[in-house]
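# Structural overview
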Amino acid sequence: MNYAVESFTGARPTADLTLGNYLGAIDPVLTREAAGEKTAIFLADLHAATTHDPRKVVGHSIELARTLIAADVQSEIYSQRDFTKEVMAVELAIRGLVSTARLLRLPTLKDKIKNNENLDNANTALLLYPVTMAADIILARPRAVPTGKDQLPHLEITNEIIRKFNRAFDASLPAPAAREVEPVNIMSLDGSGTKMSKTLPRGAVFLSDTPDVAHKKIVRARTASGPGPEMNEAIDNMLAIALPLGRRGVDLAVLSELTELGERVKQGEPGAGNFKGVVGDIVAAFLRDINERRESISDADVADRLARGREWFAPTASETAEYVESHFWGDAQ
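Right, let's walk through the structure included here. (Residues numbered from 1 in each chain as written. Predicted model: local features only at pLDDT ≥ 70, side-chain atom pairs only at ≥ 80, totals over all residues. Heavy atoms only, no water.)

## Describing the sheet that holds strand β3 (residues 77-79)
Inclusion rule: When DSSP locates at least two bridges between a pair of strands, those strands are taken to pair. Only runs of H or I of at least four residues qualify as helices and only runs of E of at least two qualify as strands under DSSP, and these elements are numbered from the N terminus. Under this scheme, a helix contributes an axis fitted over its contacting stretch, all axes are lines through C-alpha atoms, and angles between N-to-C directions fall in the 0 to 180 degree range. What makes two residues a contact is simply this: any of their non-hydrogen atoms within 4.5 Å.
What the 5 strands build is an open sheet, ordered β3-β2-β1-β4-β5; its pairing is parallel. Edge positions in the open sheet fall to β3 and β5 (177-180), since each of these has one partner strand only. Taking each pair of neighbouring strands and ignoring which way they run, the sheet shows an average axis angle of 35°. Summarising the sheet, strand β1 (residues 5-11) and strand β2 (residues 40-43) pair through 4 bridges and their orientation is parallel. Residue pairing for β2: Gly10 is matched across the bridge by Phe42. Running at roughly 170° to β5, helix α9 (residues 152-169) makes contact with β4 (142-147) and β5 of the sheet.

## Notes on helix α3 (residues 54-70)
As a reminder of what qualifies: Multiplying 1.5 Å by the helix residue count minus one yields the expected span of that helix. Relative accessibility decides the category of a residue: with a 1.4 Å probe and only protein chains considered, values under 20% of the type maximum give buried, values over 50% give exposed, and everything between is partly exposed.
In a regular helix each residue adds 1.5 Å, so 17 residues correspond to 24 Å; α3 covers 24 Å between its end C-alpha atoms and thus fits that length. The set of residues buried in α3 consists of Val57, Ser61, Leu64, Ala65, Arg66, Thr67, Leu68, Ile69 and Ala70. Phi turns positive, to about 70°, at Asp72, one or two residues after α3.

## Observations regarding the layout of surface pockets
Inclusion rule: In this analysis, the protein atoms alone were mapped onto a 1 Å grid. Cavities are point sets where a 1.4 Å probe fits without being able to get out; pockets are open sets with protein on both sides within 12 Å along at least five of seven lines; lining residues have an atom within 4 Å of a point. Grid points are joined across faces, edges and corners, and a volume is the space filled by probe spheres set on the points.
Computed from the structure, the second largest pocket encloses a volume of approximately 340 Å³. The wall of the second largest pocket is formed by 17 residues, among which Leu245, Arg248, Phe286, Asp289 and Arg293 lie closest to the centre.

## Thoughts on the packing of helix α4 (residues 84-94) against helix α8 (residues 129-140)
To keep it simple, the criterion reads: When describing relative orientation, an angle under 35 degrees is termed roughly parallel and one over 145 degrees roughly antiparallel, while 65 to 115 degrees is termed roughly perpendicular and anything else oblique. Note on convention: the crossing is left-handed when the near helix lies turned anticlockwise from the far helix by less than a right angle, right-handed when the turn is clockwise. Side-chain classes follow a simple rule in which Ala, Val, Leu, Ile, Met, Phe, Trp, Tyr, Cys and Pro form the nonpolar group, Asp, Glu, Lys and Arg form the charged group, and the remainder, Gly included, forms the polar group.
With their axes 8 Å apart at the nearest point, α4 and α8 run at an angle of 115° to one another. Between α4 and α8, the angle is such that the two are roughly perpendicular. Taken as a pair, α4 and α8 cross one another with a handedness that is right-handed. Residue-level inspection shows Glu86, Val87, Met88, Val90, Glu91 and Ile94 of α4 in contact with α8, the latter providing Val131, Thr132, Ala134, Ala135, Asp136, Ile138 and Leu139. Among the residues making up the contact of α4 with α8, the classes are represented as 9 nonpolar, 1 polar and 3 charged.

Remember, this is a structural readout, not a statement about activity or role.
See below:
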């Protein structure tokens, strides 16, 4: 089999997106598109449904698609739910190629079990999460998967499964390469030292926040009483928010001045309030723009975009699923 897409990534629709979600998942896609590379994006409905009410996931998925469109993502977008049959066909064929012990060694799976429920009560869908993810990748046959270090083990186990399947069933599924990217870890604004998360709303800025609310959250963000590691982390975190958001609509001179002001604040000079005010202005302007765009995108527009993605991906999904099933069941001849 040949590769079908150049680059491939997924986005998990669970609730309102935070700025951390946007900067970690959507902004990198825009950056790659600006460099001439389109990335196939699937809305990971089945993954979200392992830990969230599936009935709510559907609505979150539509809103995520609306946000991707509003962000001017040009890559193809499709819903994993539209290819449940094909994903499950591949997953069935590869389940027996990986042990439970191997799955439980995955750091991200350990975290999901820890964050959602203990091992004794963890549901089988959560345990099989990495296998479903492998099935998604196999189904798309990407040449490369952009991934940070925290997700790299998922790609490694996918390639292990591909090698085992090829050996066991005399197949030639293509293995994707890892395209390592620097992870974007936006931290909570409350100084807790944890990532910005939907589960800690007091330290998160949501895309659904009004510009005024977001500005207030930034201005009230915890820094420190003086220079040191805590102040450095707070300033660097706010720069990690402001610089990419401002890159597409703010004068570069303003961003340069903001960076210089941040460095002076880290050295103990006054100006933390002014610094946070400028960051708040950038965040507010970004939210104002993207939410105006979101409001202009109708449900019909979203449905049309997902239909286009479904039509685009259908031949690849069908071809891969049939290939896997024919080898798995011994009907290749």
